[in-house]
Amino acid sequence: MKQVGIIGGGIIGLCSAYYLRQAGYAVTVFDRNPLTDGCSFGNAGMIVPSHIIPLAQPGMVAKGMRMLMKSTSPFYIKPRLSTDLLRWGWLFYRHSTPEHVERSIPALRDISLLSRRLYQELAQTGGLSFGWKEDGLLILYKTASAEHEMAGEAEVANRSGIEARVLSGPQVQALEPDARVEVRGAVYYPGDAHLIPDQLIRSLTAVLKAQGVTLLEGREVTGFGVQGGRITSVRAGADDLPVDALVVAAGAWSPLLMRLLGTSLPLQGGKGYSFMVREPKPQIRVPAILLEARATATPMGPDLRFAGTLEVAGTDLTVNLNRVRGIVNSIRNYYPDMTVSLPDVKQVWSGLRPCSPDGLPYIGTSGRYENLVLATGHGMMGVSLGPATGRLVTDLIDERPPSMDVGPFDPGRFS
Ligand SMILES: Cc1cc2nc3c(=O)[nH]c(=O)nc-3n(C[C@H](O)[C@H](O)[C@H](O)COP(=O)(O)OP(=O)(O)OC[C@H]3O[C@@H](n4cnc5c(N)ncnc54)[C@H](O)[C@@H]3O)c2cc1C
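Rules behind the numbers
Here, residues in each chain are numbered from 1, in the same order as that chain's written sequence. Where local features are concerned, this predicted model is filtered to residues with pLDDT of at least 70; where side-chain atom pairs are given and counted, the filter is 80 or more; whole-chain, interface and lining totals use all residues. Side-chain measures here rest on the full set of heavy atoms in the structure, leaving out hydrogens and waters. Strands here are runs of E lasting at least two residues and helices are runs of H or I lasting at least four, both read from the DSSP assignment and numbered beginning at the N terminus. Type-normalised accessible area, obtained with a 1.4 Å probe on protein chains alone, sets the label of each residue: buried when under 20%, exposed when over 50%, and partly exposed for intermediate values. Contacts between residues were defined by any pair of non-hydrogen atoms, one from each residue, lying within 4.5 Å. Surface exposure here means Shrake-Rupley accessible area, sampled with a 1.4 Å probe, where a residue is shielded only by the protein chains that are shown. For helices, the fitted line uses only the C-alpha atoms of the stretch in contact; every axis is such a line through C-alpha atoms, and the angle between N-to-C directions lies from 0 to 180 degrees. Here a crossing is taken to be left-handed if its near helix is turned anticlockwise relative to the far helix by less than a right angle, and right-handed if that turn runs clockwise. Lys, Arg, Asp and Glu make up the charged group, whereas Ala, Val, Leu, Ile, Met, Phe, Trp, Tyr, Cys and Pro make up the nonpolar group; the residues left over, Gly among them, are polar. Should a side-chain nitrogen of Lys or Arg be within 4 Å of a carboxyl oxygen of Asp or Glu, the pair is scored as a salt bridge. When at least one non-hydrogen atom of a residue lies within 4 Å of a molecule or strand, that residue is treated as near it. Between N or O atoms, a polar contact is any pair within 3.5 Å; within protein, one atom must be a potential hydrogen donor and the other a potential acceptor, and residues adjacent in sequence are included only when both atoms are from side chains. In short, DSSP must find at least two bridges between two strands for them to pair.

K.L.:
Looking at this model, I keep getting lost on the overall build of the chain. Mind explaining?
P.N.:
When you go through the chain residue by residue, the secondary structure sums to ten helices and 20 strands. Per-residue burial for the chain yields a buried fraction of 57% across its 415 residues. Counting contacts in the chain only where the partners sit at least 6 residues apart, residues at least 24 apart contribute 75% of the total. Here the chain has roughly 17200 Å² of accessible surface; of this, 52% comes from carbon and sulfur atoms.

Structure, rendered in structure tokens:
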């Protein structure tokens, strides 16, 4: 049986393991941490076919610059003298154009829809349990300018085949009979879904183990054996595991591994925070993005998870409570009857979104090594795109026709 090594046991590595195992490969996943520790564990759990417009878009640079100055702001770039950061920023700026948005929409739509279909399959027949719910997503806004911007995005979505409904304040309230919502309006995306990420990771891990996948936790990959144009082994601790193919799915740390393989990968960690409110009164029914606050609220069973902020801060995971305060302070602006106090720093989860500069993931073979597949750079959508990425990784390694065109996700597109 052919042996595939996967570096990274987040949602991307685990979904890749799932479909590779189904295709008959012997799979070993390496993670330097426990699998219950990564970015795929504490996120907002939103499955978002609505997100067809990449983060690199016109106006984003100016918006980001305006937010940089405030300590409670949801967006921050830690000043660093780093050529990687400068190159990433330059590429982000160059891709913030209408042409890039237009080109990206079909690719993001198709991979999101493929992923949602695969999640539906996994929820029904995959032997997994992860709180899957198809209740849509509300993008709540309070200002006229946000309404104008969001109505434009809704129009683009509808034109691209993703249903979006612009709702008035009372129409939003009708969707939330238990909690008062104070907004000017919202765009409702009925095709979005949500899940409980920690349940998903635990459930996937159990199924993979039962299927014979080897999961090596606490095993950092530090080197590779290479012969000609192929990677022949993976070094973790004192061991060298021979591989026929390798998947790098190491999230925000992927550039470090690619550097060991002599390739530069433009990618920055985008730090975000989340915290759980247990059995809130009132509880909401529909996951929501609180637009002006750049925060999210996701009901997870009887509980409610708030998340937000994007700090481009390398691979630093420390919690800045000022930014968490920014999220907490914004909640009552949208849900005035909800009382949420600032959580203790120990109750705050932080994770690094692996952000590519053009807002599209990297999924594809590396030009340099014929048996290396890269699967990272999913930014704010890694959970959404996990199953589709796993399926595409398997298509590439199995050399079968891909489930969709992976051209736009080519890891070599900036070289
Ligand atoms: C606050 C917040 C909210 C979010 N909300 C959503 C959401 O609602 N919907 C959505 O789709 N996405 C969301 N995301 C984004 C999503 O969480 C990420 O895109 C996704 O988790 C990335 O998965 P990954 O598998 O690529 O990386 P990770 O989950 O980071 O996994 C990479 C793994 O690689 C391991 N690793 C790294 N280097 C090595 C090495 N040398 N050797 C061995 N192992 C190594 C790490 O330990 C890590 O476990 C959110 C993110 C944040 C921060």
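This is not the end of the story, as more comes after the structure.
K.L.:
Help me understand the packing of helix α1 (residues 11-22) against helix α7 (residues 197-210), please; the structure alone is not making it clear to me.
P.N.:
Helix-helix packing: each pair is described by the crossing angle between the helix axes and the interaxial distance. It is at 10 Å that the axes of α1 and α7 come closest, and there the two elements cross at 30°. Two packed elements cross with a definite hand, and for α1 against α7 that hand is left-handed. Residues Ile11, Leu14, Cys15, Ala17 and Tyr18 of α1 lie in contact with α7, whose contacting residues are Leu200, Ile201, Leu204, Thr205, Val207 and Leu208. Class assignment of the residues belonging to the contact of α1 with α7 gives a composition of ten nonpolar, one polar and no charged.

K.L.:
In this structure, what is going on with the pattern of salt bridges? I would like to understand it.
P.N.:
Where charged atoms from two side chains of opposite charge come close, those side chains can pair. One pass over the structure, following the stated rule, counts 20 salt bridges. The partner of arginine 323 in a salt bridge is glutamate 311, with the nearest N and O atoms 3.5 Å apart. Of this pair, arginine 323 sits in helix α9 (residues 321-334) while glutamate 311 sits in strand β17 (residues 303-312); the two residues are twelve residues apart in sequence, bridging distant segments of the chain. For arginine 323, a relative accessible area of 4% gives the class buried. Connected via shared salt-bridge partners are Arg180, Glu182 and Asp337.

K.L.:
Would you mind going over the site of the ligand with me for this structure?
P.N.:
Lining the immediate environment of the ligand, one finds 36 residues, of which Asp31, Ser40, Met46, Gly379 and Ser384 sit closest. Between asparagine 33 and the ligand, the recorded distance is 3.4 Å, taken from a side-chain N or O atom to an oxygen atom. At 2.8 Å from a nitrogen atom of the ligand is found a main-chain nitrogen or oxygen belonging to methionine 46. Protein contact buries 96% of the 1000 Å² of open area that the ligand shows by itself. Broken down by secondary-structure element, the contributors of at least two residues to the shell around the ligand are α1, β2 (26-31), β14 (268-277), β18 (349-355) and α10 (382-397). At four residues, β18 tops the list of elements feeding residues into the shell around the ligand. Partitioned by chemical class, the residues of the shell around the ligand number 18 nonpolar, 13 polar and five charged.

K.L.:
Even after reading the chapter, I still don't get the side chain of serine 115, so can you show me in this structure?
P.N.:
When you line up the elements, serine 115 lands in helix α4 (residues 98-125). Engagement of the side chain of serine 115 in a polar contact is seen with the backbone nitrogen of alanine 388, the distance being 3.1 Å. When residues no more than four places from it in sequence are discounted, the contact partners of serine 115 are Ser384, Leu385, Gly386, Pro387 and Ala388.

K.L.:
Which parts of the structure should I look at to understand the sheet that holds strand β20 (residues 372-376)?
P.N.:
Strand pairing in a sheet relies on backbone hydrogen bonds. The paired strands run either parallel or antiparallel. The six strands lie next to each other as β9-β2-β1-β13-β20-β19, forming an open sheet whose pairing is mixed. Here the strands that pair on one side only, and so sit at the sheet edges, are β9 (214-217) and β19 (362-365). Ignoring which end each strand starts from, the neighbouring axes of this sheet average 15° apart. Pairing of β2 with β9, which is carried by four bridges, proceeds in the parallel orientation. Bridge pairing in β9 links aspartate 31 to glutamate 217.

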